[in-house]
Amino acid sequence: MESNMEQRGMQAGEKRIGREETGELDRLFLDLPPREAYPLILAKAWEGSGRALFLLALYLDGGYGTFFLDQGQARVYASAASQVGDPVAPAFCALKDLPNVGESVRVFVRQREKIRALAAEGDFLAQYYRGIMYAYGEGEDPSYEDALAWFEQSAAQGFAAAQLAMGSFLRLVDGGKNGSWREKRLGWYQKAAAKGHAEAQLRLAQEYRLRCHALDQARIWYERAARQGHPAACEIMGTFWENGYVGRADPAQALAWYRRAYHRGSRTACFAIASLYEEGRGVPQSWQQAALWYKKFWER
């Protein structure tokens, strides 16, 4: 009897230590600038901490003003976190796999109850992925209202991806009945972009460009996202330079940005590069190079 009680006490102690360490890592991620937090989190990852590995994945997936986007390496970190037992990491991998039903989706299905419990306890990542579950009908009946409620809890703790989700889903909950969601969306995008989240920077730039008609502000945020390797932002920067939207037109600068977009996976950047070669803008005119890039456009 005593040995059973001792064993239960040890297990409870291990859980408490695990939660305390997770909380410390979460505070590093949410409260410190990435350049300060990263080496501390990396050290814990080398010790085998699943939460630390998962947080490294989030850095590479979002950029956070410091990191060059690398979704492949982010997936490696998240998979490693899942393998060593982080209960929320499978949700990251499953989201990348949807709508394909791969192994990561099956692992996520097995972890859903743990995610629900952790979300109720205040885990900011579990809250975010609980919102994802409602938003996409994965393990919960689809409900944008419930999704937004969970996103908001995570966003209130300072998680940039949840702040981005708040901006993205407000219109769906509002249903277009009034325009109040527009200003709120801008506010959430500004919060996430200020943390260096590349996708949020792109969305904020789009808001400035298309709704506020503030090209100077739009360019600032496009360029920040582009310098972190966001392919769409790189391509838009090429468009800005090609057409002289801010300052004089410079086809050579446009070509450089289009090439970056191509190397980051953009298909349409091939077409833009081909057009520059065809017309001889920013580069010597070359039908051969134009044909090569048009071919890459159709093959990619």
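These numbers were taken from a predicted model, which means no experiment stands behind them. (Residues numbered from 1 in each chain as written. Predicted model: local features only at pLDDT ≥ 70, side-chain atom pairs only at ≥ 80, totals over all residues. Heavy atoms only, no water.)

S.K.: Would you explain the side chain of serine 266 in this entry?
M.R.: Position of serine 266 relative to the elements: it lies in the loop between helix H14 (251–263) and helix H15 (268–279). Residue class for serine 266 comes out buried when judged on its relative accessible area of 8%. A distance of 3.2 Å separates a polar side-chain atom of serine 266 from the backbone nitrogen of alanine 269. (Helix = DSSP H or I, 4+ residues; strand = E, 2+ residues; numbered from the N terminus. Buried < 20%, exposed > 50% of the residue type's maximum accessible area, 1.4 Å probe, protein only. Polar contact = N/O pair within 3.5 Å; in protein donor to acceptor, adjacent residues only side chain to side chain.)

S.K.: Please clarify how H14 should be interpreted in this entry.
M.R.: Given 3.6 residues to a turn, an α-helix orients residues that are three or four positions apart in the same direction. Taking 1.5 Å per residue, 13 residues should reach 18 Å; H14 reaches 18 Å between its end C-alpha atoms and fits that length. Taken residue by residue, H14 has Ala254, Leu255, Trp257, Tyr258, Ala261 and Tyr262 as its buried positions. Phi for glycine 265, located one or two positions after H14, is positive at around 110 degrees. (Expected span 1.5 Å × (residues − 1).)

S.K.: Help me out: how do you make sense of the packing of helix H12 (residues 215–227) against helix H13 (residues 231–243) in this one?
M.R.: Relative orientation and spacing of two packed helices are given, respectively, by the angle between their axes and the distance between those axes. One way to put it is that H12 packs onto H13 with a least axis distance of 8 Å and a crossing angle of 135 degrees. Put simply, H12 runs oblique to H13. Here H12 and H13 pass one another in a crossing that is left-handed. Residues Leu215, Arg219, Tyr222, Glu223, Ala225 and Ala226 of H12 touch H13, and the partners they reach there are Ala233, Cys234, Ile236, Met237, Phe240 and Trp241. (Axes fitted to C-alpha atoms, helices over the stretch in contact; angles between N-to-C directions. Parallel < 35°, antiparallel > 145°, perpendicular 65-115°, else oblique. Left-handed = near helix turned anticlockwise from the far one by under 90°. Contact = heavy atoms within 4.5 Å.)

S.K.: Any chance you could explain the packing of helix H3 (residues 50–62) against helix H7 (residues 124–136) here in plain terms?
M.R.: Relative to each other, H3 and H7 sit at 60 degrees, their axes nearing to 12 Å. The orientation of H3 relative to H7 falls into the category oblique. When the axes of H3 and H7 are compared, the crossing they make is left-handed. For the pair H3 and H7, contact is made by Arg51, Phe54, Leu55 and Leu58 and by Phe124, Leu125 and Tyr129, respectively.

S.K.: What is the right way to read the side chain of arginine 130 from this model?
M.R.: Turning to its location among the elements, arginine 130 is positioned in helix H7. Overall, arginine 130 belongs to the buried group, its relative accessible area being 11%. In terms of polar contacts, arginine 130 uses its side chain to reach the side chain of glutamate 140, at 3.1 Å. The residues touching arginine 130, leaving out its near neighbours within four places in the chain, are Ile115, Arg116, Ala119, Glu140 and Trp150.

S.K.: Honestly, the environment of arginine 106 in this entry has me stumped. Any pointers?
M.R.: Turning to its location among the elements, arginine 106 is positioned in helix H6 (residues 103–121). The class of arginine 106 is partly exposed, set by a relative accessible area of 40%. As a C-alpha pair, arginine 106 and proline 90 span 16 residues in sequence and 8.9 Å in three-dimensional space.

S.K.: What is the right way to look at the environment of alanine 117 in this model?
M.R.: Inspection of the secondary structure assignment puts alanine 117 in helix H6. Sequence separation between alanine 117 and arginine 130 is 13 residues; the distance between their C-alpha atoms is 10.0 Å.

S.K.: Please explain the packing of aromatic side chains as it appears in this structure.
M.R.: Any two aromatic rings considered together are summarised by their centre-to-centre distance and by the angle between their planes. Enumeration over the complete set of coordinates arrives at 22 aromatic pairs. Taken together, a centroid distance of 6.3 Å and an interplanar angle of 65 degrees make the contact between tyrosine 38 and tyrosine 59 edge-to-face. Taken as a pair, tyrosine 38 in helix H2 (residues 34–46) and tyrosine 59 in helix H3 lie far apart in primary sequence, 21 residues in all. Residue tyrosine 38 is classed as partly exposed on the basis of its relative accessible area of 28%. (Phe/Tyr/Trp six-rings, centres within 6.5 Å; stacked < 30°, edge-to-face > 60°.)

S.K.: What is the right way to read the pattern of salt bridges from this model?
M.R.: Here the idea is simple: oppositely charged side chains can pair when their charged atoms come close. Applying the stated rule across the entire model yields 19 salt bridges. Of the charged contacts, one joins arginine 51 and aspartate 123 as a salt bridge, the two residues approaching to 2.7 Å between their closest N and O atoms. Pair noted here: arginine 51 is in helix H3 and aspartate 123 is in the loop between H6 and H7, with a separation of 72 residues, a long-range link. For the residue pair arginine 51 and aspartate 123, the accessibility class agrees, reading buried in each case. Residue arginine 116 is joined to glutamate 113 by a salt bridge in which the shortest nitrogen-to-oxygen separation is 2.4 Å. A residue pair is termed a helical-turn pair when its members lie 3 or 4 positions apart in one helix, as arginine 116 and glutamate 113 do in helix H6 at three residues. Among the residues examined, glutamate 113 registers a relative accessible area of 55% and is labelled exposed. Each of Asp26, Arg51, Asp86 and Asp123 takes part in salt bridges that share partners, so that together they form one network. (Salt bridge = Lys/Arg side-chain N within 4 Å of Asp/Glu carboxyl O.)

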